[in-house]
Amino acid sequence: MSVVKNEKDVDSSSAASGPGAKYEFYDPSKESIWTRLGVNLESFKRAPGTTGGQVIAGGNNVGDIEQIMADSPMLQQKMKPRHLQMIAVGGSIGTGLFVGSGSALRNGGPAGILIAWAIIGVMLINVTQAIGEMSILYPVSGGFYTLAVRFLDPSFAFAMGWNYVFQWAVVLPLEITVAGTTVQYWGKDIMPLAGWITIFFIAIIIVCVFGTLGYAEEEFWSSVLKLFVVVMFIFIGIVCIAGGGPSNGDYASYLGGLHWSDPGAFANGFKGVCAVFVTAAFSFAGTELVGLAASETPNPRATMPAAVKGTFWRITLIYITSLTIIGLLIPYTDNRLLGGSGADASPFVIALDKAKIKGLNHLVNVTICISVLSIGLACVYAGSRTLTALAETGYAPKIFTYVDKSSRPLFSVLAILAFGPVAYANCASDGAGDVVFNWLLALSGLSTLFSWLSICLCHIRFRKAWIVQGHSLEELPYRALGGVYGSWLGVTLIVIVLIAQFYIALWPIGGMSPDPKAVAEGFFSAYLAFPIMILFYVVGYAWKRTLPQRSHEIDLDTGRKSWLTVEEMREYRAERARAPLHVRIYRMLFTN
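What this report covers is the structure whose coordinates are included nearby. In this text, all values refer to a predicted model and were calculated from it rather than measured experimentally. (Residues numbered from 1 in each chain as written. Predicted model: local features only at pLDDT ≥ 70, side-chain atom pairs only at ≥ 80, totals over all residues. Heavy atoms only, no water.)

1. Observations concerning the packing of helix α8 (residues 144–151) against helix α21 (residues 447–468)
Two elements in contact, α8 and α21, have axes whose closest approach is 9 Å; the angle formed by their N-to-C orientations is 50°. On the basis of the axis angle, α8 is oblique to α21. Seen from above, α8 lies across α21 with left-handed handedness. Taking contact as the criterion, the partners of Phe 144, Leu 147, Ala 148 and Phe 151 in α8 are, on α21, Ser 451, Ile 455, Cys 458, Arg 461 and Phe 462. Grouping the amino acids of the contact of α8 with α21 by side-chain chemistry returns seven nonpolar, one polar and one charged. (Axes fitted to C-alpha atoms, helices over the stretch in contact; angles between N-to-C directions. Helix = DSSP H or I, 4+ residues; strand = E, 2+ residues; numbered from the N terminus. Parallel < 35°, antiparallel > 145°, perpendicular 65-115°, else oblique. Left-handed = near helix turned anticlockwise from the far one by under 90°. Contact = heavy atoms within 4.5 Å. Nonpolar A, V, L, I, M, F, W, Y, C, P; charged D, E, K, R; others polar.)

Right, here's the structure in full:
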């Protein structure tokens, strides 16, 4: 039996109709275009029910198809395949690559950044493979947070979920501020910082009005721009390294690997590499958003594999190649790396300035500005969806379960946007804003690592429960590339990064300060999230008194969207194996 024939593309209008229907489904297509876009008053009213809008791969073992449809999230499935793929490929390309790589080069040297980004890249490939396997089978609201409640421990999930929400809530005003300072690259007298903050905050609010579709479209086009600029920079960088730059610039003669020998490949030895580990890990923040987006995609089984595999190509072609070019073009002793901030410290801008290529530095700065705004919107998207899932599982006030007719988790979005005005703290002339931001970021600084750790642990527990409860791995519509061993490798590398962060927090580059107060402040600004995570866990356990379930007790059915048997999956894979060789190679590299 063909899988395609068994996939029931759920039409909510027909699912709810007819006599004797057991479940009621909301059909947003019957609403006006203005309601669906979210721009009239009607769109803010609570959605009366789920749309049941996810494709069900229903095999012979499906009992109640309407019940499976009713398990769909309240959020509507508005994301198209191109949206999901661009979120995966270009979503987390932002200040971490365009600006953060400058400080990483200064601390680690050209070899240090390649080693750190490659190792973190291997970790991220395993994390995305794990979340891909689970979210294709369970495209549930809240993504990996909801799966952590089910497969791990509700108390740990409570701690991880709230840390994740606070991470994005705090990053939002930071990104708004960075956008304001990025514009000041063209002149600080054009407009005060507070004016730019207001403009960018209003822009984010306007896009948020359009909900999932607004975020997805903005993410698609900003990712297209980011990918274009990075690929353009790579080609220009190769020409400059070969000595093909303008005659009045620094790259008019062959450069090659000169900067790897003078001043050298490593800036601060082992300690420098450890410092870059942390920068590299945080530059990938947001990669896990594909797991959240799966619940708002009509057919994750068809679209998620391409998004998951896109992570590999982004890491190898975008990050590793561009960082190699940067390490060859700019010595880690460059003065602008040592003293610059914002766009001035971007190695992309520095290299183009040194090459005397007019105009392109401004294009890169525009891209940095758009990237910052893109991450600001990702803050609202990720924070609001996780907050809604926390409310759905009883770990946040029920008001945050409110989803309106335009598919916006309205009160969750407002809660995250409420942190935006914190950006104005940076307008304080006495530097108090910097102090506020540093400690707010410290509260959630490691939450991305905890999220990745929970994804890998979820996958390990899921595989264990799947086998214990009599299932075969052949039933899975998508299997992680490294299997459970890949997730164990991911866990190991995440623990190594946490240890490296602890080491750098205690013994920073340049040595430990003789002032005990400065040592304590430096340590807690880098590692405060760890004790906060433990505190949240204790609160979650004291509140609900829950413990992890045993493998045979884990719920493997709720939210499941693929019910194909081993025989049906074997037939499906045999059919695909008969495809021409070039098609099979394409599927292996880019899709399922």
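There is more to say after this.
2. Some words on the packing of aromatic side chains
In total, this model carries 28 aromatic pairs according to the counting rule given. Here the aromatic rings of Phe 233 and Phe 348 are separated by 4.5 Å at their centres, their planes lie at 45°, and the arrangement is tilted. Residue Phe 233 is found in helix α11 (residues 211–241), and its partner Phe 348 is found in helix α17 (residues 347–355); the two are separated by 115 residues along the sequence. For the pair Phe 233 and Phe 348, a shared accessibility class is recorded, and that class is buried. These aromatic residues form a ring-pair network of at least three members: Phe 158, Trp 162, Phe 166, Tyr 395, Phe 536 and Trp 543. Positioned above the aromatic ring of Tyr 138, the side-chain terminus of Arg 150 is 5.3 Å from the ring centre. Over the ring of Tyr 572 we find Arg 301; its NZ or CZ atom is 4.8 Å from the centre of that ring. (Phe/Tyr/Trp six-rings, centres within 6.5 Å; stacked < 30°, edge-to-face > 60°. Buried < 20%, exposed > 50% of the residue type's maximum accessible area, 1.4 Å probe, protein only. Lys NZ or Arg CZ within 6 Å of the ring centre and 35° of its normal.)

3. Some remarks on the pattern of salt bridges
This structure, assessed with the given rule, holds 13 salt bridges. Close ionic contact of Asp 353 with Arg 336 constitutes a salt bridge, the shortest N to O distance being 2.9 Å. With a gap of 17 residues between them, Asp 353 in helix α17 and Arg 336 in helix α16 (residues 335–339) connect regions that are remote in the sequence. For Asp 353, a relative accessible area of 22% corresponds to the partly exposed category. Given a relative accessible area of 27%, Arg 336 falls into the partly exposed group. The network of salt bridges with common partners includes Glu 31, Glu 42, Lys 45 and Lys 405. (Salt bridge = Lys/Arg side-chain N within 4 Å of Asp/Glu carboxyl O.)

4. As for the nonpolar core
Counting residues in each nonpolar core, the largest one holds 159 residues, and the members touching the most others are Leu 329 and Trp 452. Among the elements that make up this core, the one with the highest residue count is helix α18 (residues 360–392) (17 residues). When sequence neighbours within four positions are dropped, the list of residues in contact with Trp 452 reads Met 123, Leu 124, Val 127, Ala 281, Phe 284, Ala 285, Glu 288 and Ile 494. Counting five residues, the second largest nonpolar core, distinct from the first, contains Phe 25, Ile 56, Ile 68 and Trp 563. (Core = buried A, V, L, I, M, F, W, Y, C linked by side-chain atoms within 4.5 Å.)

5. Considering α21
Under the 1.5 Å per step criterion, the end-to-end length of α21 is 31 Å for 22 residues, consistent within 8% with the ideal 32 Å. With 17 of 22 residues buried, α21 lies mostly within the body of the structure. Downstream of α21 by one or two residues, Gly 470 has phi in the positive range, about 90°. (Expected span 1.5 Å × (residues − 1).)

6. What to know about the side chain of Ser 101
Mapped onto the elements, Ser 101 comes out in helix α7 (residues 100–137). Here Ser 101 is in contact with Gly 96, Trp 117, Leu 323, Ile 326, Pro 347 and Phe 348, once residues within four sequence places are set aside.

7. A word on the packing of helix α15 (residues 300–329) against helix α26 (residues 581–590)
At a closest axis distance of 7 Å, the pairing of α15 and α26 adopts a crossing angle of 75°. As judged from the angle between their axes, α15 and α26 are roughly perpendicular. Residues Pro 305, Ala 306, Lys 309 and Trp 313 of α15 touch α26, and the partners they reach there are Arg 587, Met 588, Leu 589 and Phe 590. Each residue belonging to the contact of α15 with α26 can be placed in one class, and the counts come to six nonpolar, no polar and two charged.

8. Quick notes on the environment of Glu 218
Following the sequence through the fold, Glu 218 ends up in helix α11. Residues Glu 218 and Val 207 lie 11 residues apart in sequence; the distance between their C-alpha atoms is 8.0 Å. In contact with Glu 218, other than residues within four places in its own chain, are Val 207, Ile 370, Ser 374 and Leu 377.

9. Comments concerning unusual backbone geometry
The omega angle of the peptide bond from Asp 262 to Pro 263 is 15°, so this bond is cis rather than trans. In this fold, Pro 263 is placed in the loop between α12 (258–261) and α13 (269–283). A positive phi angle is found at Lys 356, which is not glycine, with a value near 60°. Take Lys 356: it is sitting in the loop between α17 and α18. According to the relative accessible area criterion, Lys 356 is partly exposed, its value standing at 42%. At Ser 407, a position not held by glycine, the phi torsion is positive, near 70°. Position of Ser 407 among the secondary structure elements: in the loop between α18 and α19 (410–417). The exposure class of Ser 407 is buried, given its relative accessible area of 0%.

10. Digging into the side chain of His 83
Here His 83 is to be found in helix α5 (residues 81–90). Take His 83: its relative accessible area is 0%, and that puts it in the buried class. At 3.5 Å, the side chain of His 83 and the side chain of Arg 82 are in polar contact. Setting aside residues up to four positions removed in sequence, His 83 forms contacts with Lys 78, Leu 213, Ala 216, Glu 217 and Phe 220. (Polar contact = N/O pair within 3.5 Å; in protein donor to acceptor, adjacent residues only side chain to side chain.)

11. Re a nonpolar patch on the surface
Together, Ile 33, Trp 34, Val 39, Ile 202, Ile 206 and Phe 210 make up an exposed nonpolar region whose accessible area comes to about 570 Å². Only α3 (33–37) and α10 (193–209) provide two or more residues apiece to the nonpolar patch. Position of Phe 210 relative to the elements: it lies in the loop between α10 and α11. (Patch = residues over 30% accessible without salt bridge, like charges linked within 9 Å, V, L, I, M, F, W, Y side chains within 5 Å. Areas by Shrake-Rupley, 256 points an atom, 1.4 Å probe, with all protein chains shown as cover.)

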